[in-house]
Amino acid sequence: MLAWNFIKHFPCKNLSRHILRDRVRPLCLFTFSTPPSSFSITASLSYSSSSSSSCFTDESFTAPYLSVRIHCPKHVLDPFSEALLCFGASSVTVDEDIDEDAASGSSLVSKEICIELIFPVHEEVKMCISQAANSIGLKEIPKFKVEIGDEQDWITKNQELFQPVEIAEMLWIVPEWTSPPVTEAVNIILNPGFAFGTGEHPTTKLCLLLLQSLIKGGEAFLDYGTGSGILAIAALKFGAASSVGVDIDPLAIKSASHNAALNNIPLEKLELHLAPSEDSSSGREIPLRKQQFDVVIANILLNPVMELADHILSFAKPGATIGISGILSEQLTNIIERYSPFLEDISVATIGDWVCMSGTKKGKFIDN
């Protein structure tokens, strides 16, 4: 079965190709989400290490949602899926084998494909689809159908769908509710809830492999757009001295802290900070020093990674490695153009259509 899954929350079952993708609205920092948890963090979230529930229970997970089906031209599937996520969809799931036209024998099967979307119940679906279509140059808005989904616990429903993921030899991502397939491996225990970062998306794999190659012991690491906390936790397991995760979504911070507790990460080694959103009037700033980190990875999307380049780079020491991912190969030229004035020894790794660019920060250390 060939299936593509650009999804914020809900993995699909028995897919030979998974693409998990979080929603990031245009020019926003990053929006990952997930449930209650653990760990002491900035933003006054508290934690009890005795918390060991196999899934999160939060009323936001059982809220009604809008289920939308769209038929779109196959040749615009990737950019349209990304655009839908940027303009409000929480998840985009594509399954080429389960298509209404294919079932009916329609000739449209060779030209169109059915996309299944999840939207928050309050979202203006027509406007989101129209903006997404316009952003990629579609002359007509694709036909779509909207239904209200039943209230149910999506986390419990989908636990069975998230299975252990082998990233590399002796490196596994393991759901909280299963046992590690290889007990002596580096096992990152995870309950992603609604947060991006299960290890299944190619960009998460690319970032984990980059991180594994960079951490030699004693480094300070910044995970810019931490989501489930997977990279921040992995860095510590690889031998980093400290890890910091930053995200704009408080639910992502809760998710990351819960996952830190699952992995027995000491409080003093991992900081999690809630960043102010673009429209925030709180005046709050991330309490991090400039030129503080030896390794900085931002696995978000094109718009924020372009808009926030100076901000991302500012936290890295001269000589530090910067990793940029969450981008498609066709977007790489723009990323290199934006970052090359500040980086040297740039290299690129790919999995399918997805890319991770990395390089060494130029310049001299400035004591601030």
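Located above this text is the structure these notes cover.
Computed from a predicted model, the values in this text were never measured in an experiment. (Residues numbered from 1 in each chain as written. Predicted model: local features only at pLDDT ≥ 70, side-chain atom pairs only at ≥ 80, totals over all residues. Heavy atoms only, no water.)

Caption draft 1: The arrangement of the packing of helix α5 (residues 202-214) against helix α6 (residues 230-238) in detail. Across the interface, α5 lies against α6 with an axial gap of 10 Å and an inter-helix angle of 25°. Taken together, the axes of α5 and α6 lie roughly parallel to each other. Note that α5 runs across α6; the crossing there is right-handed. Contacts between α5 and α6 involve Thr204, Cys207, Leu208, Leu211 and Gln212 from the former and Ile230, Leu231, Ala234, Ala235 and Phe238 from the latter. (Axes fitted to C-alpha atoms, helices over the stretch in contact; angles between N-to-C directions. Helix = DSSP H or I, 4+ residues; strand = E, 2+ residues; numbered from the N terminus. Parallel < 35°, antiparallel > 145°, perpendicular 65-115°, else oblique. Left-handed = near helix turned anticlockwise from the far one by under 90°. Contact = heavy atoms within 4.5 Å.)

Caption draft 2: Up close: the sheet that holds strand β13 (residues 316-328). In space, the seven strands of this open sheet follow the order β11-β10-β9-β12-β13-β15-β14, with mixed pairing throughout. This sheet does not close on itself; its edge strands, each paired only once, are β11 (270-274) and β14 (343-351). Averaged over all pairs of adjacent strands, the angle between strand axes in this sheet comes to 15°, irrespective of strand direction. Both strand β10 (residues 242-247) and β11 contribute to a ladder of five bridges, which runs parallel. Its bridge partner being in β11, serine 243 is matched across the sheet by leucine 270. (Pairing = 2+ DSSP bridges.)

Caption draft 3: Layout of unusual backbone geometry. One non-glycine residue, methionine 170, lies in the positive phi region at around 70°. With respect to the helices and strands, the residue methionine 170 is situated in the loop between β6 (165-168) and β7 (171-175). Despite not being glycine, glutamine 291 has its phi angle at roughly 55°, a positive value. Assignment of secondary structure puts glutamine 291 in the loop between β11 and β12 (293-299).

Caption draft 4: Representation of the sheet that holds strand β8 (residues 186-190) within the structure. Taken in spatial order, the three strands of this open sheet run β6-β7-β8, and their pairing is mixed. Of all the strands in the sheet, just β6 and β8 have a single pairing partner and so form its edges. Strand-to-strand, the axes of this sheet are offset by a mean angle of 25°, without reference to chain direction. As judged from the five bridges shared by β7 and β8, these two strands associate in the parallel manner. Opposite isoleucine 173, over in β8, you have isoleucine 188 as the bridge partner. The strands that α5 touches are β6, β7 and β8; relative to β6, the one it contacts most, it runs at about 45°.

Caption draft 5: Looking closely at the pattern of salt bridges. Inspection of the entire model under this criterion finds four salt bridges. One salt bridge connects arginine 338 with aspartate 310, and the closest N-O pair in it is separated by 3.4 Å. On the criterion of sequence distance, the pair formed by arginine 338 in helix α10 (residues 332-339) and aspartate 310 in helix α9 (residues 309-314) is long-range, its members being 28 residues apart. (Salt bridge = Lys/Arg side-chain N within 4 Å of Asp/Glu carboxyl O.)

Caption draft 6: Highlighting the pairing of β11. Across the five residues that make up β11, a large majority, four, are buried. With respect to chirality, the unit in which β10 leads through helix α7 (residues 250-262) into the neighbouring parallel β11 is right-handed. (Buried < 20%, exposed > 50% of the residue type's maximum accessible area, 1.4 Å probe, protein only. Right-handed = clockwise from strand over helix to strand, strands pointing away.)

Caption draft 7: Representation of α6 in the model. Burial of α6 is extensive: eight of the nine residues sit out of reach of the surface. Taken together, the buried positions of α6 are Ile230, Leu231, Ala232, Ile233, Ala234, Ala235, Leu236 and Phe238. Within two residues after α6, glycine 239 carries a phi angle of roughly 125°, on the positive side.

Caption draft 8: Representation of the packing of aromatic side chains within the structure. For the structure shown, the criterion picks out zero aromatic pairs. The ring centre of phenylalanine 315 lies 4.7 Å from the NZ or CZ of lysine 290, which sits over that ring. (Phe/Tyr/Trp six-rings, centres within 6.5 Å; stacked < 30°, edge-to-face > 60°. Lys NZ or Arg CZ within 6 Å of the ring centre and 35° of its normal.)

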